[in-house]
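Spelled out, the chains give:
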Amino acid sequence: MNQDETVIEGTVNPDGSLLLDEALDLPPGRVTVVVRQESVDDDPSEDWWEFMQRSRRELEAAGSKFMNDAESEAHINWLRNS
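Remember, it's a predicted structure, so these values are computed and weren't measured experimentally.

1. Things to note about the overall build of the protein
Counting its secondary structure elements, the protein contains 2 helices and 2 strands. The order of helices and strands in the protein, counted from the N terminus, is β-β-α-α. Against the 2.2 N^0.38 benchmark of 12 Å for 82 residues, the protein shows a C-alpha radius of gyration of 22 Å, more extended than a compact globule. Dimensions of the protein along its principal axes, counting C-alpha atoms only, are 65 × 40 × 30 Å. Counting only residues that meet the buried cut, the protein has 1% of its 82 residues in that class. For the protein, the exposed area adds up to about 8,400 Å²; of that, 51% sits on carbon and sulfur atoms. Considering the protein, the positive charge centre built from 7 side chains and the negative charge centre built from 19 side chains are found 4 Å apart.

2. Some remarks on the environment of Leu18
Locating Leu18 in the fold gives a position in strand β2 (residues 18–20). Leu18 sits in the partly exposed class, given a relative accessible area of 44%. When residues no more than four places from it in sequence are discounted, the contact partners of Leu18 are Thr11, Val12 and Val33.

3. Remarks on helix α2 (residues 69–81)
Taking 1.5 Å per residue as the helical rise, α2 with its 13 residues ought to reach 18 Å, and the 18 Å between its terminal C-alpha atoms agrees with that figure. Its side-chain oxygen 3.1 Å from the backbone nitrogen of Ala70, Asn68 forms the N-cap of α2.

4. As for the pattern of salt bridges
This model, assessed by the stated rule, comprises 3 salt bridges. One salt bridge connects Arg54 with Glu58, and the closest N-O pair in it is separated by 3.0 Å. In this pair, Arg54 and Glu58 both sit in helix α1 (residues 48–61), 4 residues apart, roughly one turn of the helix. Of the residues examined, Arg54 reaches a relative accessible area of 27% and is grouped as partly exposed.

5. What about the environment of Glu22?
Counting through the fold element by element, Glu22 comes out in the loop between β2 and α1. Since its relative accessible area comes to 55%, Glu22 is described here as exposed. Taking the C-alpha atoms as reference points, Glu22 and Met67, 45 residues apart in sequence, are found 33 Å from one another.

6. Brief notes about the confidence of the model for the protein
Summarising the model, the protein shows a mean pLDDT of 87, and 90% of its residues fall at 70 or more. Across the protein, α2 holds the top mean pLDDT of 97, while strand β1 (residues 10–12) sits lowest at 89.

7. Section: the packing of aromatic side chains
Under the criterion given, the structure shown has 1 aromatic pair. Aromatic side chains Trp48 and Trp49 sit 5.6 Å apart centroid to centroid with 75° between the ring planes, which places their arrangement in the edge-to-face category. Overall, the relative accessible area of 62% leaves Trp48 in the exposed class. Among the residues examined, Trp49 registers a relative accessible area of 48% and is labelled partly exposed. Sitting above the plane of the Phe66 ring, Arg56 keeps its charged end 4.0 Å from the centroid.

Conventions adopted
- Residues numbered from 1 in each chain as written.
- Predicted model: local features only at pLDDT ≥ 70, side-chain atom pairs only at ≥ 80, totals over all residues.
- Heavy atoms only, no water.
- Helix = DSSP H or I, 4+ residues; strand = E, 2+ residues; numbered from the N terminus.
- Rg over C-alpha atoms; globule rule 2.2 N^0.38 Å.
- Buried < 20%, exposed > 50% of the residue type's maximum accessible area, 1.4 Å probe, protein only.
- Areas by Shrake-Rupley, 256 points an atom, 1.4 Å probe, with all protein chains shown as cover.
- Lys, Arg positive; Asp, Glu negative; His and termini not counted.
- Charge placed at Lys NZ, Arg CZ, Asp CG, Glu CD.
- Contact = heavy atoms within 4.5 Å.
- Expected span 1.5 Å × (residues − 1).
- Polar contact = N/O pair within 3.5 Å; in protein donor to acceptor, adjacent residues only side chain to side chain.
- Salt bridge = Lys/Arg side-chain N within 4 Å of Asp/Glu carboxyl O.
- pLDDT = per-residue confidence, 0-100.
- Phe/Tyr/Trp six-rings, centres within 6.5 Å; stacked < 30°, edge-to-face > 60°.
- Lys NZ or Arg CZ within 6 Å of the ring centre and 35° of its normal.

Dropping the structure here:
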């Protein structure tokens, strides 16, 4: 018996259907699906503000750029004038 196996992540929708993150690279035919819920890595000692600060540090470290006060004010003025 030839067993091609692939591991792929996805999301279970409220209606019970499964949405895969990417297309499967398997030949057509019947398959067996094993679903394992991912553990949530929440830190209960971290409040929402600490979460926001940590998230911003991680995004900045990954190269994300954020507007400073002057850029934010200019953007708001642009939106108001549009």
